[in-house]
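What follows is each chain in one-letter form.
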Amino acid sequence: MTGAILFADIDEPGLATLDVYRRRGGYGPRLLKALQMPREALVEELKASGLRGRGGAGFSMGTKASFMPKGQIDKYLVCNADESEPGTFKDRELMQKSPHMLLEGMIIAAYAAGANRSFIYIRGEYAQQAVIVERAIAEAKAAGLIGERILGTDFSLELWLHRGAGAYICGEETGLLDSLEGKRGNPRLKPPFPANQGLYQGPTLINHVETLATIPHIVEMGAQEYAAIGVQNSTGTKLVSISGHVRRPGNYEIELGTPARELIYGLAGGPGEGRTVKLWFPGGSSSPVLTGDDLDVSYDFDSLAKAGTMLGSGAIIVADDTTSVVDVALKTAQFYKHESCGKCTPCREGTNWTVKMLERVKSGEATPMDLDIMASVCENIIGHCLCVLGDAMAMPVGSMIKKFRGEFEAYIEQARAANPWGSGHAPVEALEAQGALA
Amino acid sequence: MAADVDGVNGGSAGDQAPITARHPGESVRRWSNGSRVPGWDDAADLSKPPAGVPDAATTPVPADLRAEIEDYMARYPDHRSAAIPALRAAQERHGWCSPEAIDQVAAVMRLTPGYLVAVASFYDMLELQPVGRRSVYVCTNISCSLCGADELYARLEEELGEDPGVNLRHFECLGACDIAPMASVDGVYVGPIEPGEIAELAEQIRTGAAPLPAKQLLDRKSADPGAAPR
Ligand SMILES: Cc1cc2nc3c(=O)[nH]c(=O)nc-3n(C[C@H](O)[C@H](O)[C@H](O)COP(=O)(O)O)c2cc1C
Ligand code: FES
């Protein structure tokens, strides 16, 4: 593949400081070039690069920036650094080791969007990373890279880091906006989309950390050269977080369109000795699972969509053949149950009942009919809520039931044989001992 | 969060009665009034007016806390945006979002305590019950549990016992699945934690020492071969 872009210098000692970042070409001629371009030309350049959002939905970055209305109103740029999709940990490494790359990307993106105020919303759990980013912001402000009339142009930008406090839903862009406004992080009805009415009702561009950090490189390389990396419709490189049953878990920068087998086996070393891949999530726990038979799929937006799943946040979670699919399904469902904000009934109740039914499967109280009920609950969540958190449980759990139905049924039978009373029904002797039958 | 009805995270005011099991052997944790949801079955006392914005004259606020909250408020076009940072600042000083902490934030931000409690109850890291000062989050999400996080949690719980100074919690994916199984000790990420290191980690948590210094995430090199320094 072509050389690394985002990770090229990532382990360079001191890269988090302004000095070293500058020595590595940061805040150099490319920043001035971007800020001196006419806004429209910069947006066109971003569109032409083919850069698609790295946060989950994969929407064209340049197109989203072009939706920002013109004119003299308060506009905002918000960087989504909530990174709470299970399996994802690349923004953490990027912000911790190269925070200035994100800041430089934000300056350029804010200019493109005509925004003069910007915020980074970082998840509360990233306390160590928050300190590092905060330090970088202070350095950039002291050097005049953030503030009034940046590099002598007439573009000014305010930037603050905002720490969350532990809620997955605040990664969803409208939930994030509410949380940033100091409220409970409930998603909003769309439309209006944030580009029209976002933060404090003002036009707001929201982008993910990796999307923003890529922008300085696009300006430097030029859109054409960037678009030549990757495959059609999925240009550029992508950070993937590979974890679970692999020998070398970690973040890897790959060219989009690399076969998944090369990522899981080549880069991450595959599962342990004598084990095989049973199932894997290609894009975080919200993506429908694939099996060991799907390892030759090309890792890019469109090929994964064609395979019935999605690239999502670029987090590959691998489970080997020692894993029980029932356990994975239960863990997945429990997460979404806990994180549902409770605003929409299908999501709140659907995630709750899916957990209950999976617990029945485990305790031996379920029948195969419960699998059908679960599948229908999943169907009834999808597309029926303000945001897709419920869908994000329904799709992977639904895919597990569909692809591993035989294993679920066998599990139900075994659990029933092992525990004929189920967990909720104590044997008569126990009830007598409690005096419950007196 | 809101949809969580276990009564573990979603408390309302801080003065709820403790959680008890009503029926022997019952696994569901209940509040003393039998409800599984804090505050739900308590009738509102309509004879009292709802708490308004606390009177600044009669609500003493430590000077450093006031300064920190006012600094946050100045960052945003709408000062209400400072609610979460302000609550965290108060929690750092009081150990949890106690009624007193909430009143202090409310007095500085000119908001009602009810608004702030509603906000705080949404977020996992804001505590509405008194908890141990040292927070230990063990990730038990998918990747970590594939790598033995549930055993890690059970062993850590056993080692720490009922230490009132420690707030040991299951947590959702902490964004560090590359070091699974892992834990965050007062925000310091450590992992992968081997079974043989759990007793040592528990001791460090108890004594307030740095957790597993050789296993801290910040010192870890990237796994990507393309990332080696040139
Ligand atoms: C339930 C849910 C959780 C999300 N969590 C995150 C997240 O943690 N980080 C993130 O960048 N985007 C997350 N997103 C996607 C955002 O809503 C949004 O699409 C993204 O930040 C846009 O940035 P991009 O265009 O640069 O990808 C989430 C979406 C949903 C529905
Ligand atoms: S699953 Fe534990 S940190 Fe991600």
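Before reading further, recall that the structure is shown in the block above.
Below is a summary of the structure that appears in this document.

What to know about the overall build of chain B
Along the backbone of chain B there are seven helices and six strands. For chain B, the sequential pattern of α-helices and β-strands runs β-β-α-α-α-α-β-α-α-β-β-β-α. Across the 230 residues of chain B, 51% fall into the buried class. Here the contacts in chain B between residues at least 6 apart in sequence split such that 60% fall between residues at least 24 apart. Counting only carbon and sulfur atoms, one obtains 53% of the accessible surface of chain B, whose full area is about 10400 Å².

Quick notes on the packing of aromatic side chains
Tallied over the full model, the rule gives eleven aromatic pairs over all chains. Ring plane angle 70° and centroid distance 5.1 Å describe the contact between Phe122 of chain B and Tyr123 of chain B, whose orientation is recorded as edge-to-face. You can call Phe122 of chain B buried: its relative accessible area is 0%. Residue classification places Tyr123 of chain B among the buried positions, given a relative accessible area of 2%. Taken together, the ring pairs connect Tyr168, Phe335 and Tyr336 of chain A into an aromatic cluster. The residue whose ring lies beneath Arg123 of chain A is Tyr126 of chain A, and the NZ or CZ to ring-centre distance is 5.3 Å. In this structure, Lys141 of chain A packs its charged tip against the face of Trp160 of chain A, placed 3.6 Å from the ring centre.

Here we look at the nonpolar core
In this structure, Ile120 and Phe408 of chain A together with Tyr123 of chain B are the most contacted members of the largest nonpolar core, which totals 161 residues. For this core, the element with the most residues is helix H6 (residues 99-113) of chain A, which contributes eleven residues. In this structure, Ile120 of chain A is in contact with Cys79, Ala81, Leu102, Leu103, Met106, Val133, Ile137, Leu159, Trp160, Leu161 and His162 of chain A, ignoring residues within four places of it in sequence. Judged by nonpolar contacts, the second largest core, of 21 residues, contains Ile254, Trp280, Val297 and Phe301 of chain A.

Criteria and cut-off values
- Residues numbered from 1 in each chain as written.
- Chains lettered and ligands numbered in written order.
- Predicted model: local features only at pLDDT ≥ 70, side-chain atom pairs only at ≥ 80, totals over all residues.
- Heavy atoms only, no water.
- Helix = DSSP H or I, 4+ residues; strand = E, 2+ residues; numbered from the N terminus.
- Buried < 20%, exposed > 50% of the residue type's maximum accessible area, 1.4 Å probe, protein only.
- Contact = heavy atoms within 4.5 Å.
- Areas by Shrake-Rupley, 256 points an atom, 1.4 Å probe, with all protein chains shown as cover.
- Phe/Tyr/Trp six-rings, centres within 6.5 Å; stacked < 30°, edge-to-face > 60°.
- Lys NZ or Arg CZ within 6 Å of the ring centre and 35° of its normal.
- Core = buried A, V, L, I, M, F, W, Y, C linked by side-chain atoms within 4.5 Å.

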